[in-house]
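Residues per chain are reported as follows:
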Amino acid sequence: MTIDGLTVCVNYADLLALSLNRWLAALDTITIVTTPADVDTIELADAANWRQPYTKAFCYKTHAFTAGGADFNKGAAMQEAISQMMPWGQWIAFFDADIIPPPHLRQLLEQAGLEPGNLYGGVRHIAESADDYGKDPLELPVVRGRGQRIPGAFQLFHAGDPAVGDRRQLLDVTWRHAGNYDSAFQARWPRERQIVLEDVHYIHIGEPGLNWHGRCSPDEGRRRKAARDAARKAHGGSCTHERIDPA
C-alpha cells in the first residue's frame, strides 16, 4: 500500500516539527500547504528532504487562504494543492499540523485491514500544550467531535473510493475559516462507513476550534470562538453566514 499525506501548516512549523519524523516514517509522501510568507514551514519541508534518499516532503505555497475576503480558508488551500501538486496514489491521509501520531503508525495501518469504501480516523487525545508531546496518549483525555465521528485532524481514505469522486472537486471551498470543510467531507460517507481505528491514538495539541481564523493566542482564540458561537446563535444555529461572499 502507498499512503500520501496532506497537511496545512501556516505559522505552525514549531508544532509540525515535533511530529514530522513520525509522518515521514509512516507516509510515502507529504504535501505541506502554506503561504509564501511562512519561511519557517518552507525551510522545515526543505530540511526534511535533505534527510531522504528522494523528495518526500512537497511544499505547496498559495494565497488561497485569504482569497475572496476569507480569514483562513483551509479547504480552498487544500483543494488547490490536491488539484495542482499532491501525489494521489492509493491511500490518502489528511492530518492537522498540530497532532502527534503514534510512533508506529504505518505498522498499525497495515495491520488494520483497511478497505476502500470507508473513511477512517483515530482516537483523539487533547494536550494542553506542546509540553505534553512525549506523553502516552492514554494519559490524556479523549475528545470526540460534536456530531463528527472522523474530525479533520486525521482522516484516511482510498483514492479510488466512489465517495471521493473527482479529486478536483473534493472539498468545500466556500468557508471563511478553517472549519466546516472537514464535516462536509466526512458526510460523503454514510455513518456506518465512518470507522474509528481504536488502536490508533493520537495527540492533538491545544483546545480544538481556537485557530479557525489563523493561529493566535489561546485567549484570542477563545474570544473568536465565543464570537463565532454567539453569531451562530443569533442566526438560529445556522453557520451559512460564515461562507465567503460569492461576489
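Residues numbered from 1 in each chain as written. Predicted model: local features only at pLDDT ≥ 70, side-chain atom pairs only at ≥ 80, totals over all residues. Heavy atoms only, no water.

Caption draft 1: Summary view of the overall build of the chain. Looking only at helices and strands, the chain features six helices and eight strands. In the chain, the succession of helices and strands from N to C terminus is β-α-β-α-β-α-β-β-α-β-β-α-β-α. Relative to the 2.2 N^0.38 estimate, which gives 18 Å for 247 residues, the radius of gyration of the chain is 17 Å and therefore close to what a compact globule would have. Across its three principal directions, the C-alpha atoms of the chain cover 50 × 40 × 40 Å. (Helix = DSSP H or I, 4+ residues; strand = E, 2+ residues; numbered from the N terminus. Rg over C-alpha atoms; globule rule 2.2 N^0.38 Å.)

Caption draft 2: Expanded view of the packing of aromatic side chains. Evaluation of the coordinates by the stated rule reveals eleven aromatic pairs. For the ring pair phenylalanine 65 and phenylalanine 72, a centre distance of 4.7 Å and an interplane angle of 20° mean the geometry is stacked. Phenylalanine 65 gets classed as buried once you look at its relative accessible area, which sits at 3%. Their ring planes at 65° and their centres at 5.1 Å tell us that phenylalanine 157 and phenylalanine 185 sit as a pair that is edge-to-face. Here phenylalanine 157, found in strand S7 (residues 154-158), pairs with phenylalanine 185, found in helix H5 (residues 181-186); they are 28 residues apart in sequence, far enough to count as distant. (Phe/Tyr/Trp six-rings, centres within 6.5 Å; stacked < 30°, edge-to-face > 60°. Buried < 20%, exposed > 50% of the residue type's maximum accessible area, 1.4 Å probe, protein only.)

Caption draft 3: Seen up close, the pairing of S7. Burial within S7 is extensive, with five of its five residues counted as buried. Burial along S7 is two-sided: the residues Phe154, Leu156 and His158 and Gln155 and Phe157 are all buried. Pairing analysis gives five bridges linking strand S4 (residues 91-95) to S7, with the strands arranged antiparallel. Paired with phenylalanine 94 across the bridge in S7 is glutamine 155. (Pairing = 2+ DSSP bridges.)

Caption draft 4: Layout of the pairing of strand S3 (residues 57-61). With five bridges connecting them, strand S2 (residues 29-34) and S3 associate as parallel partners. Paired with threonine 31 across the strands is phenylalanine 58, a residue of S3. What joins S2 to S3 is helix H2 (residues 39-50), and the crossover it makes is right-handed. (Right-handed = clockwise from strand over helix to strand, strands pointing away.)

Caption draft 5: Structural view of the layout of surface pockets. Of the pockets and cavities examined, the largest pocket occupies roughly 1,100 Å³. Lining the largest pocket are 50 residues, with Glu207, Pro208, Gly209, Leu210 and Trp212 positioned closest to its centre. Sorting the residues of the lining of the largest pocket by element identifies strand S1 (3-8), H5, strand S8 (194-205) and helix H6 (218-234) as the ones contributing at least two each. Ranked by residue count, the leading element in the lining of the largest pocket is H6, at seven residues. (1 Å grid on protein atoms, 1.4 Å probe; cavity = no way out; pocket = protein on both sides within 12 Å on 5 of 7 lines; lining within 4 Å. Points joined across faces, edges and corners; volume = space filled by probe spheres on them.)

Caption draft 6: Focus on the packing of helix H1 (residues 13-26) against H2. Where H1 meets H2, the axes come as close as 10 Å, and the angle between the chain directions of the two elements is 20°. Here H1 is positioned roughly parallel relative to H2, judged by the angle of their axes. Relative to H2, H1 is oriented so that their crossing is right-handed. Facing Ala13, Leu16, Ala17, Leu20 and Leu24 of H1, the residues of H2 in contact are Asp40, Thr41, Leu44 and Ala48. Of the residues assigned to the contact of H1 with H2, the class counts are seven nonpolar, one polar and one charged. (Axes fitted to C-alpha atoms, helices over the stretch in contact; angles between N-to-C directions. Parallel < 35°, antiparallel > 145°, perpendicular 65-115°, else oblique. Left-handed = near helix turned anticlockwise from the far one by under 90°. Contact = heavy atoms within 4.5 Å. Nonpolar A, V, L, I, M, F, W, Y, C, P; charged D, E, K, R; others polar.)

Caption draft 7: Representation of the nonpolar core. In this structure, Trp23, Phe154 and Leu156 are the most contacted members of the largest nonpolar core, which totals 39 residues. Here this core gets seven residues from one element, more than from any other, and that element is H1. Ranked by size, the runner-up nonpolar core spans 31 residues in total, among them Met78, Ile92, Leu119 and Phe185. (Core = buried A, V, L, I, M, F, W, Y, C linked by side-chain atoms within 4.5 Å.)

Caption draft 8: Fine view of the state of the cysteines. Considering all chains together, one arrives at zero disulfides under this definition. The thiol sulfur of cysteine 9 is not disulfide-bonded, and the nearest other cysteine sulfur, from cysteine 59, lies at 8.5 Å. For cysteine 9, a relative accessible area of 0% puts it in the buried group. (Disulfide = S-S within 2.5 Å.)

Caption draft 9: Representation of helix H3 (residues 74-84) in the model. H3 sits mainly inside the fold: eight of its eleven residues count as buried. Those residues of H3 that fall on the buried side of the exposure criterion are Lys74, Gly75, Ala76, Ala77, Met78, Gln79, Ala81 and Ile82. On the buried face of H3, the contacting elements are S1, S2, S3, S4 and H5.

Caption draft 10: Examining unusual backbone geometry more closely. Phi is positive for asparagine 11, which is not a glycine, with a value near 65°. Note on placement: asparagine 11 falls in the loop between S1 and H1. Phi is positive for asparagine 180, which is not a glycine, with a value near 75°. With respect to the secondary-structure elements, asparagine 180 resides in the loop between S7 and H5. Accessibility expressed as a relative area gives 13% for asparagine 180, which makes it buried.

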